[in-house]
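# Observations on the three-dimensional arrangement
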Amino acid sequence: YLPSPLERVHSATNLAIADKEEAAAPENRIVLRACKSDPLLFLAFKLEENQFGQLTWIKVYSGTLKKGQSIVQNTGFVGGLKQGKKLRLNRLVRLHSDEMQDINTAHAGDICAMFGVECMSGATFCGDANGAYGQAALSDLFVPECVVSLSVRPRKKQEMAQFSKAMERFQREDPTFKCTVDDRNSVCVFHGMGELHLQIYLERIQREYGVACEVGRPRVNYKECVTRRTDFDYLHKKQTGGAGQYARIIGYCEPIEMAALNSGAAAFEFVNRVTANAIPAAYIKSVEQGFRDCLDKGPLCGGSVEGLRVVLVDGVTHEVDSSDFAFNAAAKGAFRQLYVEQHLAPRISEPFMSIEVCCPEQFQQAVIGHISSHNKAVINSIAHTGKNTLLKCTNALDAMFGFATSLRSLTQGKGEFSMEYHSHQFVDDDAQVKLVQEYKEMLLNEKENK
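Residues numbered from 1 in each chain as written. Predicted model: local features only at pLDDT ≥ 70, side-chain atom pairs only at ≥ 80, totals over all residues. Heavy atoms only, no water.

This brings us to the nonpolar core. Phe163, Met167, Phe190, Ile205, Ile249 and Phe291 are the most contacted members of the largest nonpolar core, which has 70 residues in total. With seven residues, the single largest contributor to this core is helix H6 (residues 324-338). Contacts of isoleucine 205, omitting those with residues within four sequence positions, involve Phe163, Ala166, Met167, Phe170, Phe190, Gly210, Val211 and Cys213. One finds Leu40, Ile71, Leu87 and Ala123 within the second-largest nonpolar core, a separate group that totals 19 residues. (Core = buried A, V, L, I, M, F, W, Y, C linked by side-chain atoms within 4.5 Å. Buried < 20%, exposed > 50% of the residue type's maximum accessible area, 1.4 Å probe, protein only. Helix = DSSP H or I, 4+ residues; strand = E, 2+ residues; numbered from the N terminus. Contact = heavy atoms within 4.5 Å.)

Put into structure tokens, the structure is as follows:
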């Protein structure tokens, strides 16, 4: 039997506290009781599609949920809904295997499902927006950043509507799957947690929606980081027919340590140390925004730029020619000037994964030899459980493409593995030169195709 809900004390995040760290403090969390007489609070933890529409699996943490009552969604909105809007619960069911039984009520501790409510996985619902749990959020799901990208497009333009419908549904179901649009190449880019993760969604698009897709080569989530402190004194001066542009900014850029980034530190920091109102506050915001605009796509390999701290110390303005645009342009010009080897010394980093491999003992040496053949792999531990060997290691994600096929060959289909994101680490010099050259060739091809 499962443990009783009364044996564990649950708590919820208080949405009224804006600061996330403050809201996560134990003294600021909302303690819940598994009591059917308390105010209603429940969590949508899984979504399915069937002939009746979206089926949403829910767990009731507090109070009593009744068929036909009005509920309020606190988090996980789709379709333009906002917090506080009342929704009507038209159908409530209990599921057992492939059987579905209509029920009228669900009490604290029950797991059931509802129809007719559009939401995302991890959404929180309450019974009254002004009640005790009107500002409570149950889901503290940790969503790691995506580490693999894959360019995808439907083979037939007529199937784009079905393709878009599938993307909307998959992103609601799975917070670790994201889809963006690359306007330059007219393709969609899937972002996920691994090669197999994205392959499953490609198969589901084909099977459930009948959409055949053209797929590009998987690309890992490379990032760019600066490694050296550099001062800057940049003047942006441009004279046109009317008012000109004038902005001078003085300060320095320095790296944020890779260890701090892997521990969750902010990818970019902007520090204002301007004194005596040398630069008006409005222009300082434009300087910060100018630097931020340069971080989305780095010049080396197109990855996002992280680990940069910009400290603005001083500046000069002009009574007529200075403007928000001029200071924004000055920040971008300073970044381009500094982002070279002799100044900030940028480096490319790649994702490394924590990997667990389980295989029969008879294939242990073959599997260890295959993993050790990768020069970036580090074997952390080898344990024996019964007749199986459990191997834990870290390796670059780029080296893991095709590992599932290799493992099946080495173990006669009896081996299995799992992996999760570990950290980003710098690539070696030869790999960096190769990645930079590939990115330059890609940009050149795009320019020629236009």
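This paragraph deals with helix H2 (residues 160-173). The α-helix advances 3.6 residues per turn, and as a result positions three or four apart in sequence lie on the same side. The end-to-end C-alpha separation of H2 is 20 Å, in line with the 20 Å expected for 14 residues at 1.5 Å each. Among the residues of H2, those classed as buried are Phe163, Ala166, Met167, Arg169, Phe170, Arg172 and Glu173. (Expected span 1.5 Å × (residues − 1).)

One key point about sheets: their strands pair by backbone hydrogen bonds, in either a parallel or an antiparallel sense. Read across the open sheet, the four strands follow the order E20-E21-E24-E22; overall the sheet is mixed. What marks the edges here is a single partner per strand, and that holds for strand E20 (230-238) and strand E22 (268-272). Within the sheet, the average angular offset between the axes of one strand and its neighbour, ignoring direction, is 25°. Sheet analysis places strand E21 (residues 245-255) next to strand E24 (residues 308-316), joined by eight bridges and oriented antiparallel. Paired with isoleucine 249 across the strands is glycine 315, a residue of E24. With respect to the sheet, helix H5 (residues 281-293) is in contact with E20, E21, E22 and E24, its orientation differing from that of E22 by roughly 160°. Each of E20, E21 and E24 is contacted by H6, which is oriented at about 45° to E21, the strand it contacts most. (Pairing = 2+ DSSP bridges. Axes fitted to C-alpha atoms, helices over the stretch in contact; angles between N-to-C directions.)

Right, let's talk about a negative patch on the surface for a bit. Residues Asp19, Glu21, Glu22 and Glu27 make up a contiguous surface patch of negative charge. Within the secondary structure, glutamate 27 is located in the loop between helix H1 (20-24) and strand E2 (30-32). Taking relative accessible area as the criterion, glutamate 27 reaches 64% and is therefore assigned exposed. (Patch = residues over 30% accessible without salt bridge, like charges linked within 9 Å, V, L, I, M, F, W, Y side chains within 5 Å. Areas by Shrake-Rupley, 256 points an atom, 1.4 Å probe, with all protein chains shown as cover. Salt bridge = Lys/Arg side-chain N within 4 Å of Asp/Glu carboxyl O. Lys, Arg positive; Asp, Glu negative; His and termini not counted. Charge placed at Lys NZ, Arg CZ, Asp CG, Glu CD.)

The buried count for strand E16 (residues 187-192) comes to six of six residues, which makes it a mostly enclosed element. Of the two faces of E16, the one carrying Val187, Val189 and His191 and the one carrying Cys188, Phe190 and Gly192 are both buried. Bridge count between strand E14 (residues 148-154) and E16: five bridges; the pairing is antiparallel. When the bridges of E16 are listed, leucine 150 appears paired with phenylalanine 190. Sheet topology places strand E15 (residues 178-182) next to E16; five bridges connect them, and they run antiparallel. Counterpart to threonine 180 in the pairing with E16 is valine 189.

Attention now moves to the sheet that holds strand E13 (residues 136-137). Pairing is antiparallel across the open sheet formed by three strands, whose spatial order is E2-E1-E13. The outermost strands of the open sheet, each flanked by one partner alone, are E2 and E13. Examined bridge by bridge, strand E1 (residues 10-14) and E2 share three bridges and lie antiparallel to one another. Note on E2: the bridge partner recorded for alanine 12 is isoleucine 30.

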